[in-house]
Amino acid sequence: MGEPFASLTSGQQVGKYRLIESLGRGTSGTVYSAVDTFSGREVALKIVDPRVFQDSEFGSARRAQFVREAALAGRLIHPHVVTLIDAVVEQDRAYIAMELIT
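The rules we used
- Residues numbered from 1 in each chain as written.
- Predicted model: local features only at pLDDT ≥ 70, side-chain atom pairs only at ≥ 80, totals over all residues.
- Heavy atoms only, no water.
- Helix = DSSP H or I, 4+ residues; strand = E, 2+ residues; numbered from the N terminus.
- Rg over C-alpha atoms; globule rule 2.2 N^0.38 Å.
- Buried < 20%, exposed > 50% of the residue type's maximum accessible area, 1.4 Å probe, protein only.
- Contact = heavy atoms within 4.5 Å.
- Areas by Shrake-Rupley, 256 points an atom, 1.4 Å probe, with all protein chains shown as cover.
- Lys, Arg positive; Asp, Glu negative; His and termini not counted.
- Charge placed at Lys NZ, Arg CZ, Asp CG, Glu CD.
- Salt bridge = Lys/Arg side-chain N within 4 Å of Asp/Glu carboxyl O.
- Phe/Tyr/Trp six-rings, centres within 6.5 Å; stacked < 30°, edge-to-face > 60°.
- Core = buried A, V, L, I, M, F, W, Y, C linked by side-chain atoms within 4.5 Å.

A. Layout of the overall build of the protein. Looking only at helices and strands, one finds two helices and six strands in the protein. Put simply, the protein runs from its N terminus to its C terminus through helices and strands in the order β-β-β-β-α-α-β-β. The globule rule puts the C-alpha radius of gyration for 102 residues at 13 Å, and the 14 Å found for the protein is close to it. With respect to the three principal axes, the spread of C-alpha positions in the protein is 40 × 30 × 20 Å. For the protein, the residues scored as buried account for 27% of the 102 residues in total. In the protein, the proportion of contacts linking residues at least 24 apart, taken out of those at least 6 apart, comes to 39%. In the form shown here, the protein has an accessible surface area of approximately 6600 Å², with 54% of it arising from carbon and sulfur atoms. Charged side chains of the protein number 11 positive and 12 negative; the gap between the two group centres comes to 3 Å.

Printed below as a string of structure tokens:
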């Protein structure tokens, strides 16, 4: 996918989440520690690189897959699986908030 998308910085707001710091980057996005400004809960926030969905050949299929996987993951309850808290898919961005394991 070429160069990584522009990094977000500490203190920036993504939806209702305020970013604290970057935890890691993968091929499809970056994970940050963040705070839910509504509940005050600290979460792991995976922000998908917008180019993942902009691909002319596979973009819409990837978006649909992201939505299906988020919906399925949100139903999982198990002590060895991170809990999915929130998932947002908009035209220009997508992210998943998960339980932060420290």
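B. Just the pattern of salt bridges, in detail. The tally for this structure, following the rule as stated, stands at three salt bridges. Across the salt bridge formed by Lys16 and Asp36, the nearest N and O atoms sit 3.2 Å from each other. With a gap of 20 residues between them, Lys16 in the loop between strand 1 (13-14) and strand 2 (17-25) and Asp36 in strand 3 (residues 29-36) connect regions that are remote in the sequence. You can call Asp36 buried: its relative accessible area is 6%. The shortest N-O distance in the salt bridge between Arg51 and Asp49 comes to 2.8 Å. A relative accessible area of 4% means that Asp49 is categorised as buried.

C. The packing of aromatic side chains, seen in detail. Under the definition given, this model contains two aromatic pairs. Ring centres of Tyr17 and Tyr95 lie 6.1 Å apart, and the angle between their planes is 80 degrees; on these two criteria the pair is classed as edge-to-face. Here Tyr17, found in strand 2, pairs with Tyr95, found in strand 6 (residues 94-99); they are 78 residues apart in sequence, far enough to count as distant. Residue classification places Tyr17 among the buried residues on the basis of a relative accessible area of 1%.

D. Quick look at the nonpolar core. In this structure, Val14, Tyr17, Leu19, Tyr32, Ala34, Val43, Leu45, Ile47, Val88, Tyr95 and Ala97 together form the largest nonpolar core, which totals eleven residues. Taken together, the elements giving at least two residues each to this core come down to strand 2, strand 3, strand 4 (42-48) and strand 6. The biggest single contributor to this core is strand 4, with three residues. Ranked by size, the runner-up nonpolar core spans seven residues in total, among them Val52, Phe53, Leu84 and Ile96.

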